[in-house]
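A look at the structure
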Amino acid sequence: MASSTITSKGQVTIPIEIRRRLGLRSGDRLEFLFGSDGEVIVRPKRVRLESLFGILRKPGQRALSVREMDEAVRKSVEKAWKRISRRKS
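Computed from a predicted model, the values in this text were never measured in an experiment.

To continue, consider the overall build of the protein chain. When you go through the protein chain residue by residue, the secondary structure sums to two helices and two strands. From first element to last, N terminus to C terminus, the protein chain shows the α and β order α-β-β-α. Compactness check: the protein chain gives a C-alpha radius of gyration of 24 Å against a globular reference of 12 Å for 89 residues, more than 25% above the reference. Considered along the principal axes of its C-alpha atoms, the protein chain spans approximately 65 × 35 × 25 Å. Summarising the internal contacts of the protein chain: among those between residues at least 6 apart in sequence, 2% fall at separations of at least 24. Total accessible area on the protein chain is roughly 9,000 Å²; 56% of this is exposed by carbon and sulfur atoms. Computed over 22 positive and 10 negative side-chain charges, the inter-centroid distance for the protein chain is 11 Å.

See the structure below:
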């Protein structure tokens, strides 16, 4: 059984075997669930891809086609290159 100690700041180091088994890496988030019998369940907090749908779109803004997005990127890069070229001159 893996165990750990709580620091004075309330921090805990998760043993390597637990991190490996849960597939945890630095920066990952955990969620804590309480069982009816007093147990605490710790599991990785995963973000479902579906939950990210539409996060970049502003209300009232129409969706762009791939062609429109490509054109916007091309114009932005072109503008940046012109700025850089002027500085070098």
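Further remarks concern the pairing of strand β2 (residues 40-44). Sheet topology places strand β1 (residues 30-34) next to β2; five bridges connect them, and they run antiparallel. Counted as the bridge partner of E31 is R43 from β2. Two successive antiparallel strands, β1 and β2, enclose a turn made up of five residues, where G38 displays a positive phi of approximately 90°.

A surface patch of nonpolar side chains, amounting to about 590 Å² of accessible area, comprises V47, L49, L52, I55 and L56. As for its placement among the helices and strands, L56 is situated in the loop between β2 and α2 (66-88).

Turning next to a positive patch on the surface. Judged by side-chain charge, K79, K82, R83, R86 and R87 come together as a positively charged surface patch. Residue placement: R87 occurs in helix α2.

With the rule as written, the count across this model stands at four salt bridges. Among the salt bridges present, the one from E71 reaches R74, with a minimum N-O distance of 2.5 Å. Separated by three residues within a single helix, E71 and R74 lie in helix α2, roughly one turn from each other. Since its relative accessible area comes to 31%, E71 is described here as partly exposed. Classification of R74 by relative accessible area gives partly exposed; the value is 40%.

This part covers the environment of A2. Within the secondary structure, A2 is located in the segment before α1 (16-22). For the pair A2 and E17, spaced 15 residues apart in sequence, the C-alpha separation works out to 7.8 Å.

So, how was this worked out
- The residue numbering used here restarts from 1 in each chain and proceeds along that chain's sequence as written.
- The predicted nature of this model means local features are confined to residues of pLDDT at least 70 and side-chain atom pairs, given and counted, to a pLDDT of 80 or more, with totals for whole chains, interfaces and linings taken over all residues.
- For side-chain calculations, the full set of non-hydrogen atoms in the structure is used, while hydrogens and water are omitted.
- Per the convention used, a helix needs a DSSP run of H or I reaching at least four residues, while a strand needs a run of E reaching at least two, with both numbered from the N terminus.
- Put simply, the radius of gyration uses C-alpha atoms, and a globule should come to 2.2 Å times the residue count raised to 0.38.
- Note on contacts: a residue pair qualifies if any of its non-hydrogen atoms lie within 4.5 Å across the two residues.
- Reported accessibility uses the Shrake-Rupley method at a 1.4 Å probe radius. Residues are deemed covered only where the shown protein chains occlude them.
- Counted as positive: Lys and Arg. Counted as negative: Asp and Glu. His and the chain ends are not counted at all.
- The location of each charge is read from NZ of Lys, CZ of Arg, CG of Asp or CD of Glu.
- Paired strands are those between which DSSP finds at least two bridges.
- Note that patches include only residues with greater than 30% relative accessible area and no salt bridge, and the join distances are 9 Å for like charges and 5 Å for nonpolar side chains (Val, Leu, Ile, Met, Phe, Trp, Tyr).
- A pair is scored as a salt bridge if a Lys or Arg side-chain nitrogen falls within 4 Å of a carboxyl oxygen belonging to Asp or Glu.
- Throughout, exposure labels follow a simple rule: accessible area from a 1.4 Å probe, protein chains only, divided by the maximum for the residue type, with under 20% read as buried, over 50% as exposed, and the rest as partly exposed.

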